[in-house]
Amino acid sequence: MKVIVLGAGIVGTASAWFLQKAGHEVIVVERQPGAALETSFANGGQISVSHAEPWANPAAPKKLLQWLGREDAPLLFRLRPDLLQWRWGLAFLRECTPARTAHNIRQIVNIAEYSRQTLQAVRAETGIDYDCETRGILHFYTDEDEFRHSLPAAALMRELGCPRETISADEVVRIEPALARIRSKIVGGDFTATDESGDVYKFTSGLAARCAEAGVDFRYNHSVTRILSEGTGPAARITGIEVIDAHGRHQRLQADSFVLATGSFSAELLRPLGISLMLYPGKGYSATYQVRQPTLAPQVSLTDDGYKLVISRLGDRLRVAGTCEINGYTRELNPVRCEAITRRTRELFPDACDYENPVYWTGLRPLTPSNVPYIGRTKYANLFLNTGHGTLGWTMGCGSGRAIADIVSGHRPDVDFAFTGITRRDYSPTIASVPVRS
Ligand SMILES: Cc1cc2nc3c(=O)[nH]c(=O)nc-3n(C[C@H](O)[C@H](O)[C@H](O)COP(=O)(O)OP(=O)(O)OC[C@H]3O[C@@H](n4cnc5c(N)ncnc54)[C@H](O)[C@@H]3O)c2cc1C
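Residues numbered from 1 in each chain as written. Predicted model: local features only at pLDDT ≥ 70, side-chain atom pairs only at ≥ 80, totals over all residues. Heavy atoms only, no water.

Caption draft 1: Representation of the packing of aromatic side chains within the structure. For the coordinates displayed, the defined rule picks out 14 aromatic pairs. Taking 6.4 Å as the distance between ring centres and 55 degrees as the angle between the ring planes, the aromatic pair formed by Y280 and Y329 counts as tilted. Residue Y280 is located in strand β14 (residues 280-290), and its partner Y329 is located in the loop between β17 (317-326) and α9 (335-348); the two are separated by 49 residues in the primary sequence. On the basis of relative accessible area, Y280 is assigned to the buried category, the value being 0%. With a relative accessible area of 31%, Y329 lands in the partly exposed category. Ring plane angle 65 degrees and centroid distance 5.1 Å describe the contact between Y289 and Y355, whose orientation is recorded as edge-to-face. Of this pair, Y289 sits in strand β14 while Y355 sits in the loop between α9 and β18 (359-367), and the two are 66 residues apart along the sequence. Taken together through their ring pairs, the aromatic side chains of F77, W88, F92, F265, Y280 and Y329 make up a single cluster. The ring of F265 has R31 lying over it, and the distance from NZ or CZ to the ring centre is 4.2 Å. (Phe/Tyr/Trp six-rings, centres within 6.5 Å; stacked < 30°, edge-to-face > 60°. Helix = DSSP H or I, 4+ residues; strand = E, 2+ residues; numbered from the N terminus. Buried < 20%, exposed > 50% of the residue type's maximum accessible area, 1.4 Å probe, protein only. Lys NZ or Arg CZ within 6 Å of the ring centre and 35° of its normal.)

Caption draft 2: Looking closely at the pattern of salt bridges. As enumerated under the stated definition, the model contains 30 salt bridges in all. Across the pair R237 and E230 runs a salt bridge whose closest N-O atoms are separated by 3.6 Å. The partner of R344 in a salt bridge is E347, with the nearest N and O atoms 3.2 Å apart. Pair noted here: R344 and E347 are both in helix α9, with a separation of 3 residues, about one helical turn. Residue classification places E347 among the partly exposed residues on the basis of a relative accessible area of 29%. Via salt bridges that share partners, R78, K283, E325 and R337 belong to a single interconnected network. (Salt bridge = Lys/Arg side-chain N within 4 Å of Asp/Glu carboxyl O.)

Caption draft 3: Geometry of the site of the ligand. If you check the shell around the ligand, you find 36 residues, and the closest are E30, S40, V224, G390 and T395. At 3.1 Å from an oxygen atom of the ligand is found a main-chain nitrogen or oxygen belonging to V11. In the model, an oxygen atom of the ligand is placed 3.2 Å from a nitrogen or oxygen of the T39 side chain. Calculation on the ligand without its partners gives an accessible area of 1,000 Å², and the protein chains cover 97% of this total. Contributing elements (two or more residues each) for the shell around the ligand: α1 (10-21), β10 (222-230), β14, β18 and α10 (393-408). Class assignment for the residues of the shell around the ligand results in 12 nonpolar, 20 polar and 4 charged. (Near = heavy atom within 4 Å. Polar contact = N/O pair within 3.5 Å; in protein donor to acceptor, adjacent residues only side chain to side chain. Areas by Shrake-Rupley, 256 points an atom, 1.4 Å probe, with all protein chains shown as cover. Nonpolar A, V, L, I, M, F, W, Y, C, P; charged D, E, K, R; others polar.)

Caption draft 4: Quick look at the sheet that holds strand β9 (residues 217-219). As summarised here, the arrangement of the 6 strands in space is β9-β2-β1-β13-β20-β19, forming an open sheet in which the pairing is mixed. For this open sheet the edge positions go to β9 and β19 (374-377), each flanked by a neighbour on one side alone. Ignoring strand direction, the axes of neighbouring strands in this sheet form an average angle of 20 degrees. (Pairing = 2+ DSSP bridges. Axes fitted to C-alpha atoms, helices over the stretch in contact; angles between N-to-C directions.)

Caption draft 5: Local environment of unusual backbone geometry. The backbone phi angle of D131 is positive, close to 55 degrees, even though this residue is not glycine. Along the chain, D131 falls in the loop between α4 (98-126) and β5 (137-141). At N371, a residue that is not glycine, the phi angle is positive and equals roughly 65 degrees. With respect to the helices, strands and loops of the structure, N371 is situated in the loop between β18 and β19. On the accessibility criterion, N371 (4% relative accessible area) is buried.

Caption draft 6: Spatial organisation of the environment of V11. Checked against the element boundaries, V11 lands in helix α1. A relative accessible area of 10% places V11 in the buried class. For the pair V11 and T387, spaced 376 residues apart in sequence, the C-alpha separation works out to 7.4 Å. Sequence-distant contacts of V11, defined by excluding residues within four places in its chain, comprise A261, N386, H389 and G397. (Contact = heavy atoms within 4.5 Å.)

Caption draft 7: Region of the structure containing the nonpolar core. Ranked by internal contacts, the top residues of the largest apolar core, which has 52 residues, are L19, V28, F203, V259, W394 and F419. Elements that contribute at least two residues to this core include exactly β1 (2-6), α1, β2 (25-29), α4, α7 (200-213) and α10. What F203 contacts, discounting residues up to four positions off in sequence, is I10, L119, V122, I128, Y130, W394 and C398. In terms of nonpolar packing, the next biggest core, distinct from the first, is built from 43 residues, V224, L260, L270 and L385 among them. (Core = buried A, V, L, I, M, F, W, Y, C linked by side-chain atoms within 4.5 Å.)

The following block contains the structure:
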C-alpha cells in the first residue's frame, strides 16, 4: 500500500519508520528543509513515563487563577478573541475532575510505557546516537506543600506499574551530586530509575536518515495546503493532497492512505474536511548551554518542581526547558521568560556552563485538553491521525508511530489505549476490547 505521512516531527518520522517496516511504500511530506525542525527540535529531552499527570488535574483551576497575568507563570493563558482558544479552555476545565484525570493518566502511562520500550528497541536496532542517558528522572522539590501534594501522584504512578519512588533530600543529592549546592533548599524528591533522556532532534533526524536508506521518500520543503476528499458517509475517502514547494510550484500527491502528523497545525488542515480536533498550541521555551565543567553539571535528568523546569544533559550541552503560554501560534521569544530560565539554571549550577551564550528556542506543543493524543481513525476510511502529543510527544512518539502503522495495516496495536474512532469490531474477535474515543 502507498502511504503518505504528513509531517516529519518525532511522531511523523516514527510513523514512517514503522510503516516502511510493515512493507508499505511511504512518502513523507514536510514543509521544513529537514526532519524535526519544529516542536521536535529542542525540547526538554525527557522520556518521562513517570510524569504522566496532565496539566488538567483537580489542582489546576486554582493554580491557573493564581498565575493569570504573571509573566513568569509556568502555565499562562493569554485570553484572545479566538473561539478555538475559549472552547479549548472550557474543555481543559472539564478534564480537571478526579475521574477524568485518573482516566487520562492511565491512557498516557500505557502509551508512554509502550513507547519507551519501542524507543529502546529502535535504539538497539539502528544504533542512532542521540546523547541518550538511562540514569532515570529525578524530581526535586523546594516547597513543603508541593512535595506533600506530589505524594499521591507518585503513589498512583507506582500503582500503574511505574517505579516513581519518593526519596529524602539527602537521597536526591546522592543520586545527583551536582545538586549539593542547593541541598539546604531541597525538601524531598522522587526518582524513577527506568526513565531516560536524550536529544529528540538527533534521534528524529537520525531515524529519518535510516528511513530514507530503507526507501522512504522524504519531500522536504513541501507544504501541504489542502487535503482532497470525495464521497460521503461510509464511502468518504481522501483522494490526495495538494502541496506547494519552495519554488511556489503546486502539485497533487496521491496514495492509498494518509497519516496526519502535523503537530500543532493539524486542526486547521482538517477543518475543511469537517473534522474538528480539540487541539491548541502551547508555547514552551528552552535554553541550551555549553557545559564548561562536566563534573558540576547534572548527568541525571531533573525536574525542578519550584520552577517547573526540566533539565537534561545532552553530551556536552545542558538543555533546560519549560513554561507554557496558551496564546495562539506565535513563537516569539519573551526575554523575561528566557532570562528567568538562565537565572535559575545559574543558581542551581553556577560554574557548570557558559551562561553568556545561551541558545534560546520556543516550540508549540500540540496540546489536547487532556494531553491524551489523537491516534487512530477518522470518518474518512483512509485518513489516520497521529497528533496532539502535547507535553509528552518525545515520550509517546515512537510507540505512537508503531501503533498507527499497525492500525493502517489493519492490525490491533499491542497496547491498551483509547484509540480514536476504533471499536472492538474493527479487529478480529479473538482480540480483547479496544475502547472507543470520539
Ligand atoms: C519547551 C518544550 C519542552 C518539551 N519537553 C518535552 C520532554 O521533555 N519530553 C517529551 O516527551 N516531550 C516534550 N515536549 C513535547 C514534544 O516536543 C512534542 O510533543 C513533540 O515534539 C510533538 O511532535 P510532533 O511530531 O507531533 O510535532 P512537530 O515536531 O511539530 O512535527 C510536526 C511537523 O509537521 C510539519 N508541518 C506542519 N504543518 C505542515 C504542512 N501544512 N505541510 C507540511 N508539513 C507541515 C512541521 O513542519 C513539523 O515538522 C516539549 C515541548 C516543548 C515546546
